[in-house]
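Architecture and fold: a report
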Amino acid sequence: MSATIIDGKAFAARLREKVAHHVARLSDGHGITPGLAVVLVGEDPASQVYVRNKGRQTKEAGMLSVEHRLAETATQAELLGLIGALNDDPAIHGILVQLPLPGHIDTDLVINAISPAKDVDGFHISNVGLLGTGQKSMVPCTPLGCLMMLRDHHGSLAGMEAVVVGRSNIVGKPMAQLLLGESCTVTIAHSRTRDLPATVRRADIVVAAVGRPRMIPGEWIRPGATVIDVGINRIAREDGKSRLVGDVDFDSAVEVAGAITPVPGGVGPMTIACLLANTVTACCRANGLPEPEGLTA
Ligand code: GUN
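About the thresholds
For every chain, the first residue of its written sequence is number 1, and the numbers climb from 1 along that sequence. Under the rules for a predicted model, residues below a pLDDT of 70 receive no local features and side-chain atom pairs below 80 are neither given nor counted, while totals for whole chains, interfaces and linings still include all residues. As a rule here, side-chain values cover all heavy atoms of the structure and leave hydrogens and water aside. We call a residue near a given molecule or strand whenever any one of its heavy atoms falls within 4 Å of it. Identification of polar contacts relies on pairs of N or O atoms within 3.5 Å, with a donor-acceptor requirement for protein atoms, meaning one able to donate a hydrogen and the other able to accept it, and with residues adjacent in sequence counted only if both atoms are side-chain atoms. Using the Shrake-Rupley algorithm and a 1.4 Å probe, accessible areas are obtained, with residue cover drawn only from the displayed protein chains. Three classes are used, and their members are as follows: Ala, Val, Leu, Ile, Met, Phe, Trp, Tyr, Cys and Pro are nonpolar, Asp, Glu, Lys and Arg are charged, and the others, Gly among them, are polar. Two strands are counted as paired when DSSP detects at least two bridges linking them. Numbering of helices and strands runs from the N terminus; a helix is a DSSP stretch of H or I covering at least four residues, while a strand is a stretch of E covering at least two. Two residues qualify as a contact provided that any one of their heavy atoms is within 4.5 Å of a heavy atom in the partner residue. Lines fitted to the C-alpha atoms define the axes, with helices restricted to the stretch that makes contact. Angles between their N-to-C directions range from 0 to 180 degrees. The cut-offs for exposure are 20% and 50% of the maximum accessible area for each residue type, with area from a 1.4 Å probe on protein chains only; residues under the lower value are buried, those over the upper are exposed, and the others partly exposed. The nonpolar core is taken to be a set of buried Ala, Val, Leu, Ile, Met, Phe, Trp, Tyr and Cys residues, with the residues joined through side-chain atoms within 4.5 Å. Working rule for handedness: look at the near helix, and if it is turned counterclockwise from the far one by less than a right angle, call the crossing left-handed; if clockwise, right-handed. Working rule for helices: expected span equals 1.5 Å times residues minus one.

Attention now goes to the site of the ligand. By nearness alone, every residue bordering the ligand is listed as L96, V97, Q98, L99, D121 and F123. The separation between a nitrogen atom of the ligand and a polar main-chain atom of V97 is 2.8 Å. Side-chain polar atom of Q98 to a nitrogen atom of the ligand: 3.3 Å apart, as the coordinates give it. Within the complex, the protein chains bury 78% of what would otherwise be the 280 Å² of accessible surface of the ligand. Tallied by class, the residues present in the shell around the ligand amount to four nonpolar, one polar and one charged.

Structure follows, in structure tokens:
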């Protein structure tokens, strides 16, 4: 039996349409255009691609997109000055500082300098605390996208056994908090987990976010489980080109799982779509307007 494929690309396209609809309503009804500022320090090629895609999709949704590119040698003080100016700019509702930052810059200090209300990445310590205590917050984009797909597939997740593999601040930890908020029984597994195969085999829901190509084989998956693969790993092909694979071995897992996200075309496209959704949510909150349904957790 083969699993249902959860089509993240199509889901993300529908979410972007919903975002564009709300942007048009904000513009037509209130004369407000949601604005997203993205800050890139240095010239990391992968980061440049991400930033370009974010800018394009922001504009396609009808929002204001502002890009700030700083040299690799920019000082921490310069970056903090820019963030201060964006915090004070009423046309900007969301601020994203692309990570990783160069080594001479204190990432935590920079993230925590962003106004929590404009922190559309959900990385500010205030948003982390709000999420952890079940209060209204800005929710990190990748886990938010995973949650939307899980809710769409299952409806209620209450009582389900969820295993999150990976404990990063960007995905693993906030994903676990969101699943706990859905009344799942949540385990966070990681590289030091004693019996990872047995732990993963318990799960009705597996979220793989470790960044190791095809680390989780089908034989670790409980028959019928839902598998959300956050990994995006580039590996060499025999012909010298490269291809993207997830943290799950798709070919074996698809034979066992009940549903699975592919790589590419699964979680990946949801991340930017959720960034746009978070920017609309932040814009509505900033203007005291009701938040559109279905754009956040
Ligand atoms: N670099 C890789 N993923 C992310 C992300 O989700 N947000 C930011 N700001 N930088 C990243």
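Structure shown, so let's carry the discussion forward.
Read from one edge to the other, the open sheet built from six strands follows the order β1-β11-β8-β7-β5-β6, with strand pairing classed as parallel. With one partner strand each, in any of the chains shown, β1 (4-5) and β6 (185-189) form the two edges of the open sheet. In this sheet, strand β11 (residues 259-260) lies alongside strand β8 (residues 226-229) in parallel orientation, the contact comprising two bridges. Paired with V227 across the bridge in β11 is I260. Against the sheet, helix α7 (residues 172-181) touches β5 (161-165), β6 and β7 (205-208), its axis set at about 170° to β5.

With burial as the criterion, each face of β7 is covered, one bearing I205 and V207 and the other bearing V206 and A208. The sheet contact formed by β7 and β8 spans four bridges and is parallel. Across the sheet, V206 pairs through a bridge with V227, a residue of β8.

Right, let's get into the environment of A189. By the secondary structure assignment, A189 is in strand β6. Looking at A189, the relative accessible area reads 0%, which means it is buried. It is 6.1 Å that separates the C-alpha atoms of A189 and G166, two residues lying 23 residues apart in sequence. Discounting residues that sit within four places of it in the chain, A189 has contacts with V163, V164, V165, G166, L196 and T199.

Residues V19 and L179 are the most contacted members of the largest nonpolar core, which totals 55 residues. Elements supplying a minimum of two residues to this core: α1 (8-30), β2 (35-41), α6 (141-154), β5, α7, β7 and α10 (268-286). Among the elements that make up this core, the one with the highest residue count is α10 (10 residues). Ignoring anything within four residues of it in the chain, the contact list for V19 reads A61, M63, A273, L276, A277, V280 and L295. Counting 20 residues, the second-largest nonpolar core is a separate cluster that includes L196, I221, A257 and I260.

Further remarks concern the packing of α6 against α7. Orientation of α6 relative to α7, taken along the N-to-C sense of each, is 35°, at an axis distance of 9 Å. For the pair α6 and α7, the crossing hand works out as right-handed. Two secondary-structure elements touch here, α6 through P143, L144, C146, L147 and L150 and α7 through P174, M175, L178 and L179.

Below, the discussion takes up the sheet that holds β2. The strand order across the open sheet formed by three strands is β3-β2-β4, and the pairing between neighbours is parallel. With partners counted over all chains shown, the strands left at the sheet margins are β3 (64-70) and β4 (94-97), one partner each. Shown here is a sheet whose adjacent strand axes are inclined to one another by a mean of 15°, direction ignored. In this structure, β2 lies alongside β3, joined through seven bridges in parallel fashion. Across the sheet, the residue bridging to L40 is R69, located in β3. Sheet strands touched by helix α3 (residues 76-88): β2, β3 and β4. Its angle to β2, the strand with the most contacts, is close to 180°.

Moving on, we get to α1. With 23 residues, α1 ought to run about 33 Å at 1.5 Å a step, and its terminal C-alpha atoms sit 32 Å apart, in line with that. Every buried residue of α1 is accounted for by G8, F11, A12, L15, V19, H22, V23 and L26. On the buried face of α1, the contacting elements are α6 and α10. With a side-chain oxygen lying 3.1 Å from the backbone nitrogen of K9, the N-terminal cap of α1 falls on D7. G31 lies just past α1 and shows a positive phi near 65°.

Bringing α6 into the picture now. Residues spaced three or four apart along an α-helix face the same direction, because each turn holds 3.6 residues. Given a rise of 1.5 Å per residue, 14 residues ought to cover 20 Å, and the 20 Å separating the end C-alpha atoms of α6 matches this to within 8%. For α6, the tally of buried residues reaches 10 of 14 residues, placing the bulk of the element in the interior. By the burial criterion, the buried members of α6 are C141, T142, P143, L144, G145, C146, L147, M148, M149 and L150. Summarising the contacts, the buried residues of α6 are in contact with α1, α7, β7, β8 and α10. Phi turns positive one or two residues past the end of α6, at G155, with a value near 75°.

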